[in-house]
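Results of the structural survey
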Amino acid sequence: MLNLDLRSILKCVRCGTCRSICPVFEQVGWESASPRGRMLVAHGVSQGLEPDQDVLNSLNTCTTCGMCEQMCPSGASPVQVVQEARHQLVLKGQMTDAQTALRDAAALGGNTLGETQYRHAWLENDNDIKAHASYVFFVGCLGAYRYPDLTRRTFDLLKKFDVTLIPEEVCCGSPLMRTGLDPDALVSKNLEQIQRTGAHTVITGCAGCYTTLKNDYHSNLKVMHVSEFLAENLQELDISHLDIKVTYHDPCHLGRCNGIFDAPRKIITSICELNEMGSHHAQSRCCGAGGGVLKGYPDLSMALSKKRLEEIPEGVDYLVTSCPLCRTNLQRGGPKVEVIDILDLLEMAME
């Protein structure tokens, strides 16, 4: 028997509410792809059911978007159960090829992208890494390796506020944690360096990094998303109004899972007109990338992205988001407008 918390599993009363709002179930259609189905699968493996590929697919196609938890009338937590079930299976050596690749990449290069070059190669001057500062800017893997120009521009904006970097940053651990793998070595390495700076606050521009640093590092550090920090300091920035219209995608792990809705919108509405997507705030549809789904099930992830993009209102000039993973997957879906980061919009208004 797997060491799963049966109390969490048995909170599910099989009502099926989750089926009506789960983006993966909507796309796949199989009961095993719904939160209710995954709870049944987790219960089965906890009782000794031998996992096969169908069981692994059921548990690993969850994007961990949290919509089911928000809507569950019984207070069940399918995301937590799924993550724990993944972890228990990993401990028994039962995992997908994608999980194996994530584990090996993190062990080899300190990131889950398979990159081996210097993580701060985007930085123009290593002297900007101060030994002590009030704030640490945690870059994240996508920021370091996929959006280095955005990262450099973000750090240039933050430097005036006594912000430093940690010299040997590694992955925050979110991709490993969400897929049932062990992030402890990464977490320890980052946390030791952050504490060494004496910083009281960590700032990050990634929703995955944000939720992991805030909820899973178990420290006294304050964690802020860069949109929160900049929204609090708008008076320090010389911004002008732009005659454009944009819409905003709420990242699941920033918005629904952590309640950060107002700060990005404060920045946007101080610059231009905001037209909301078809679903927004706590009801926002998932982009389809999280929980290891982009890595392990790219076709499913693409389909979820396209579904989200259907909610872009007519007449907007840009789709704005505040998470590099969401940005990556929304771009994959072929949007009818350009997808930009909220910092890109802010810089447009500062030129």
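Anyway, here's the lowdown on the structure attached to this text. (Residues numbered from 1 in each chain as written. Predicted model: local features only at pLDDT ≥ 70, side-chain atom pairs only at ≥ 80, totals over all residues. Heavy atoms only, no water.)

Moving on to the packing of helix α3 (residues 35-46) against helix α6 (residues 78-91). The N-to-C vectors of α3 and α6 enclose an angle of 40 degrees; their axes lie 10 Å apart at closest approach. It follows that α3 is oblique to α6 by the angle criterion. Two packed elements cross with a definite hand, and for α3 against α6 that hand is left-handed. Judged by residue contacts, P35, R38, M39 and A42 of α3 engage P78, V81, V82 and A85 from α6. When its residues are assigned to classes, the contact of α3 with α6 shows seven nonpolar, no polar and one charged. (Axes fitted to C-alpha atoms, helices over the stretch in contact; angles between N-to-C directions. Helix = DSSP H or I, 4+ residues; strand = E, 2+ residues; numbered from the N terminus. Parallel < 35°, antiparallel > 145°, perpendicular 65-115°, else oblique. Left-handed = near helix turned anticlockwise from the far one by under 90°. Contact = heavy atoms within 4.5 Å. Nonpolar A, V, L, I, M, F, W, Y, C, P; charged D, E, K, R; others polar.)

Moving on, we come to the nonpolar core. Ranked by internal contacts, the top residues of the largest apolar core, which has 74 residues, are L230, V246, I268, V320, L345 and L346. Ignoring sequence-local partners within four residues, the contact set of L230 consists of L157, L158, L237, I267, L343 and L346. Formed by 14 residues, the second largest nonpolar core is a distinct cluster that contains M39, V41, V45 and V55. (Core = buried A, V, L, I, M, F, W, Y, C linked by side-chain atoms within 4.5 Å. Buried < 20%, exposed > 50% of the residue type's maximum accessible area, 1.4 Å probe, protein only.)

If you add up the space inside the largest pocket, you get close to 720 Å³. Among the secondary structure elements, those contributing two or more residues to the lining of the largest pocket are α8 (141-145), α10 (174-178), α12 (207-215), α15 (293-296) and α17 (324-332). Looking at the lining of the largest pocket, its residues break down into 21 nonpolar, 14 polar and three charged. Looking at the second largest pocket, its volume works out to about 570 Å³. For the second largest pocket, the lining is made up of 24 residues, of which E69, V79, Q80, Q83 and R178 are closest to its centre. Counting only elements with at least two residues in the lining of the second largest pocket, the list comes to α5 (67-71), α6, α10 and α12. The element that contributes the greatest number of residues to the lining of the second largest pocket is α6, accounting for six residues. (1 Å grid on protein atoms, 1.4 Å probe; cavity = no way out; pocket = protein on both sides within 12 Å on 5 of 7 lines; lining within 4 Å. Points joined across faces, edges and corners; volume = space filled by probe spheres on them.)

Turning next to the sheet that holds strand β8 (residues 338-341). Strand order in the open sheet formed by four strands is β6-β5-β7-β8, and the pairing between neighbours is parallel. The two strands at the open ends of the sheet, each matched to only one other strand, are β6 (273-274) and β8. Summarising the sheet, strand β5 (residues 245-248) and β6 pair through two bridges and their orientation is parallel. Bridge assignment links K245 to a residue of β6, and that residue is E273. (Pairing = 2+ DSSP bridges.)

Note that every value here comes from positions in space, so none of it alone points to a role or purpose.
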